[in-house]
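In case you want the letters, here they are:
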Amino acid sequence: QACASSNGGSVRQVPENGYEQTQNYQFQAQVHADSLGRCQRIVVRVEAQSKLYTRGKPPSRLQLIDEDCFSPVRFESARYLSDRGNVVQLSGTEVDNFLARNSRLEDELIGWLWREGII
């Protein structure tokens, strides 16, 4: 279900309630569309599952943002809470480097976005 946004477009949350679990992560996406229904921006929230991670545990409150919805999907910015509770913001190549270090996260996320019909 889509909700109206302030610019005349809509925001669709996937899944509508809570998070969708994959093998190692939980995802929730907000798809922002213009008044014609064209994707303008995707914000994905990533949470750890209740399990022991040997590697690849996402940082707290991780959000990955695709600012243009162009194909192939590319996240231009990210933000999360550090272990000390500070907000960390990444952009450009910093996001690319973060995802390269967390390739399992990126693989599961892209697969989930595709299966949900977001990309």
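Scroll up for the structure.
Residues numbered from 1 in each chain as written. Predicted model: local features only at pLDDT ≥ 70, side-chain atom pairs only at ≥ 80, totals over all residues. Heavy atoms only, no water.

**A closer look at the overall build of the protein**
Put simply, the rule is: A run of DSSP states H or I qualifies as a helix once it reaches four residues; a run of E qualifies as a strand once it reaches two. Both are numbered from the N-terminal end. The globule rule is 2.2 Å times the number of residues to the power 0.38, and the radius of gyration it is compared with is taken over C-alpha atoms. Working definition: with a 1.4 Å probe on protein chains only, accessible area under 20% of the residue-type maximum means buried, over 50% means exposed, and in between means partly exposed.
Of the regular secondary structure elements, the protein holds two helices and eight strands. The helix and strand sequence of the protein, counted from the amino end, reads β-β-β-β-β-β-β-β-α-α. Taking 14 Å as the expected radius of gyration for a compact globule of 119 residues, we find that the protein reaches 14 Å, a close match to that expectation. Taken over the C-alpha atoms alone, the protein extends approximately 45 × 25 × 25 Å along its principal axes. Burial statistics for the protein: of 119 residues in total, 39% are counted as buried.

**Quick word on the packing of helix 1 (residues 93-101) against helix 2 (residues 103-115)**
To keep it simple, the criterion reads: To get an axis, fit a line to the C-alpha atoms, keeping to the stretch in contact for a helix; angles then go from 0 to 180 degrees between the N-to-C directions. Roughly parallel means an angle under 35 degrees; roughly antiparallel means over 145; roughly perpendicular covers 65 to 115; every other angle is labelled oblique. Two residues qualify as a contact provided that any one of their heavy atoms is within 4.5 Å of a heavy atom in the partner residue. Any residue outside Ala, Val, Leu, Ile, Met, Phe, Trp, Tyr, Cys, Pro, Asp, Glu, Lys and Arg is labelled polar, Gly included; the first ten of those are nonpolar and the last four are charged.
At a closest axis distance of 4 Å, the pairing of helix 1 and helix 2 adopts a crossing angle of 95°. Taken together, the axes of helix 1 and helix 2 are roughly perpendicular relative to one another. Between helix 1 and helix 2, the contacting residues are Phe98, Leu99, Ala100 and Arg101 on the first element and Ser103, Leu105 and Glu106 on the second. The class makeup of the residues in the contact of helix 1 with helix 2 is four nonpolar, one polar and two charged.

**Section: helix 1**
The test is simple: Here, the arc refers to the directions that run from the helix axis to the C-beta atoms.
Among all positions in helix 1, only Val95, Phe98 and Leu99 are buried. One side of helix 1 holds all its buried residues, which, seen down the axis, span an arc of 95°. Pointing more than 90 degrees away from the buried face of helix 1 are the exposed residues Thr93, Ala100 and Arg101. Contact partners of the buried residues in helix 1: strand 6 (60-66), strand 7 (77-81), strand 8 (87-91) and helix 2.

**Structural notes on the state of the cysteines**
The condition is simple: Whenever a pair of cysteine sulfur atoms sits within 2.5 Å, that pair is classed as a disulfide.
Overall, the coordinates contain one disulfide when judged by the stated rule. Each sulfur in the disulfide pair Cys39 and Cys69 lies 2.0 Å from the other. Where Cys39 bonds to Cys69 through sulfur, the torsion about that S-S bond is close to -45°, and the disulfide is left-handed. Within this pair, whereas Cys39 is found in strand 5 (residues 39-48), its partner Cys69 is found in the loop between strand 6 and strand 7, the two being separated by 30 residues in sequence. On the basis of relative accessibility, which here comes to 28%, the residue Cys39 falls in the partly exposed class.

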